[in-house]
Every structure is written in C-alpha cells, then in structure tokens.
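Geometric and topological summary
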Amino acid sequence: MNPALRRSAAHVFVDSLDSPILAGDDEHHLRRVLRLRAGESVSASDGCGRWRLTRFGEGESLDVDGDVVDDTRAGPPLCIGFALPKGDRPEWIVQKLTEIGIDRIVVLHADRNVVRWDDARGERQMVRLAKVAREAAMQSRRVTVPILDGPFAPSAMRGNDVAFAEPDGAPLGPSTPTVLIGPEGGWSPAELERSASRCGLASTVLRVETAAIVAAAQLVALRDGLFTPRGS
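Notes on the structure in this doc start here. (Residues numbered from 1 in each chain as written. Predicted model: local features only at pLDDT ≥ 70, side-chain atom pairs only at ≥ 80, totals over all residues. Heavy atoms only, no water.)

1. Quick word on the nonpolar core
Within soluble globular proteins, side chains that are nonpolar tend to cluster in buried spots. In this structure, Ile 80, Val 179 and Ile 181 are the most contacted members of the largest nonpolar core, which totals 32 residues. Those elements giving two or more residues to this core turn out to be strand S6 (79-83), helix H3 (89-100), strand S7 (104-108), helix H4 (119-139), strand S9 (162-170), strand S10 (178-181) and helix H6 (208-223). If you tally residues by element for this core, the top one is H6, at eight residues. (Core = buried A, V, L, I, M, F, W, Y, C linked by side-chain atoms within 4.5 Å. Buried < 20%, exposed > 50% of the residue type's maximum accessible area, 1.4 Å probe, protein only. Helix = DSSP H or I, 4+ residues; strand = E, 2+ residues; numbered from the N terminus.)

Given below as structure tokens:
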C-alpha cells in the first residue's frame, strides 16, 4: 500500500478525481463522526484503481493536493463465489472479502441452499451488500470497489479458471483465480460433475464464511507473492 494512503485522515470514493465532491453520507461521516477539520488530508479514489490526495474543506468539495496515481492492477481479477448462508452472514462475508482484497464477489443459489432470495428480495439485498462493500473498501484504504454479482446458480460460473472448493481438491494455484464455496450441506453430485477443477482449503470441514475467508486469503497471498504454492 502506498504510504500516503495509510497516512491520510480518511479515504473516500468520488465520481471525479478532477473535481472531487463528497457524497452526502461521506461528508457527514468525515465531519460528524471522524470530526475532521479543514485542511486535513483525505485520499480520494474513483473506485477503479486511480486516486489522489486532497484536503478536507468547509463544504462538499475537496481541495486537490496531489497528482492522480494509477494503481490499476494487472492480471485476472480474483473472485469468490459463496452459497448464500443464513442470517446476516452474507454482509460479514462481503465485508471481510473486501478488506482482504477480492475483486469480484458472487452470491450463489446452490442446489442444497436452505436460503434463497426471490427477485425482489435479491435486488434489495444486493444493494445492501454493495453499500457494505463500499464502506469496507473505504475503511481498508482500497482504491477499487469490488464488483458484486448474483444471486445465480454455480453453473453460470464456467471456465477452466474456476475451482469448486471441495475437501479432496488440489491446493490453490495462480491458474484458478475464481473459487466457489458451496453450502453447508456441500455441493450436489450434479454440481460437482459440472466443475472443471476442485480446490482444497483445509483439512477440516469449514463453514461457508470461514471457507470464503480462507480462500480469499490464499488467493491474495498468491497474487501478491506472499507465498509460493507447493511443488512450484
């Protein structure tokens, strides 16, 4: 992470880096919750990898205080798809995947899902999850906001770069940047038959949210060169 991002008093997303203007909720958060004063450093990003330093002012506008930096990441995006769990766990999963650095998050309706969202509820919940992702990206000083998709069936996630998490699977490697996490009852035989590859995450049976975090941490560590896969 660029040290300037870490040192800024707050981090926000704006529509334009040329004329950065705070959204109403963001201004309230900076002014009333964080109690920033005029002149304090605020890093502003377009949510797509570009950002610049600004200074907090008296109104919604931010005063430009540095050049635009392009931290767009090369390579395939990292993606985690997870079968919809009960309660508020989807929000927790999205928050943590965002903080870790996943680029795309997909909500899945697997064959053995207990919870399913109809179209109306799904639309409302995805709006809520997008807000959670945006807030988590601001907190963690990300310069990108993850893409949220779904809910849809795992069969929509096709390709040789997609791995289904399964206890007998191979260790994760850079060739599978997308990992799908099944429901607590496991993948159905039909779903496993359609899987191009399978990956193992642990020697124990994990809950949906735990498996999602483990997979995300491994993918990000591989991408960022924090460890080398076995056998390489």
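2. Structural notes on the environment of Phe 227
Here Phe 227 shows up in the segment after H6. Owing to a relative accessible area of 38%, Phe 227 belongs among the partly exposed residues under this scheme. As a C-alpha pair, Phe 227 and Gly 39 span 188 residues in sequence and 41 Å in three-dimensional space. In this structure Phe 227 touches Gln 218, Ala 221 and Leu 222, once residues within four positions along its chain are discounted. (Contact = heavy atoms within 4.5 Å.)

3. Considering the environment of Glu 99
Mapped onto the elements, Glu 99 comes out in helix H3. Note on Glu 99: relative accessible area 33%, which makes it partly exposed. Each C-alpha atom of the pair Glu 99 and Ala 133 lies 8.6 Å from the other, and the pair is 34 residues apart in sequence. Excluding anything up to four places from it in sequence, Glu 99 contacts Ala 136, Gln 139 and Ser 140.

4. Details of helix H2 (residues 24-33)
The set of residues buried in H2 consists of Asp 26, Glu 27 and Leu 30. Taken end-on, H2 shows its buried residues confined to a sector of 100°, consistent with a single buried face. In H2, the exposed positions that point more than 90 degrees away from the buried face belong to Asp 25 and Arg 32. Arg 35 occupies a position one or two residues after H2 and carries a positive phi of about 55°. (Arc of directions from axis to C-beta.)

5. A closer look at the sheet that holds S6
The sheet built from six strands is open, its strands ordered S8-S7-S6-S10-S9-S11 with parallel pairing. In this open sheet, the two edge strands, each paired with only one partner strand, are strand S8 (147-152) and strand S11 (197-199). Going across the sheet, the axis of each strand differs from the next one's by a mean of 30°, ignoring polarity. Pairing of S7 with S8 involves four bridges; the strand directions are parallel. (Pairing = 2+ DSSP bridges. Axes fitted to C-alpha atoms, helices over the stretch in contact; angles between N-to-C directions.)

6. Regarding the packing of H3 against H4
In contact at an axis separation of 8 Å, H3 and H4 are set at 35° when each is read in the N-to-C sense. Considering how the two elements wind past one another, H3 and H4 form a crossing that is right-handed. Each of Pro 90, Glu 91, Val 94, Gln 95, Thr 98 and Glu 99 in H3 lies in contact with H4, whose residues at this interface are Arg 128, Leu 129, Val 132, Ala 133, Ala 136, Ala 137 and Gln 139. Here the contact of H3 with H4 is built from residues that sort into seven nonpolar, three polar and three charged. (Left-handed = near helix turned anticlockwise from the far one by under 90°. Nonpolar A, V, L, I, M, F, W, Y, C, P; charged D, E, K, R; others polar.)

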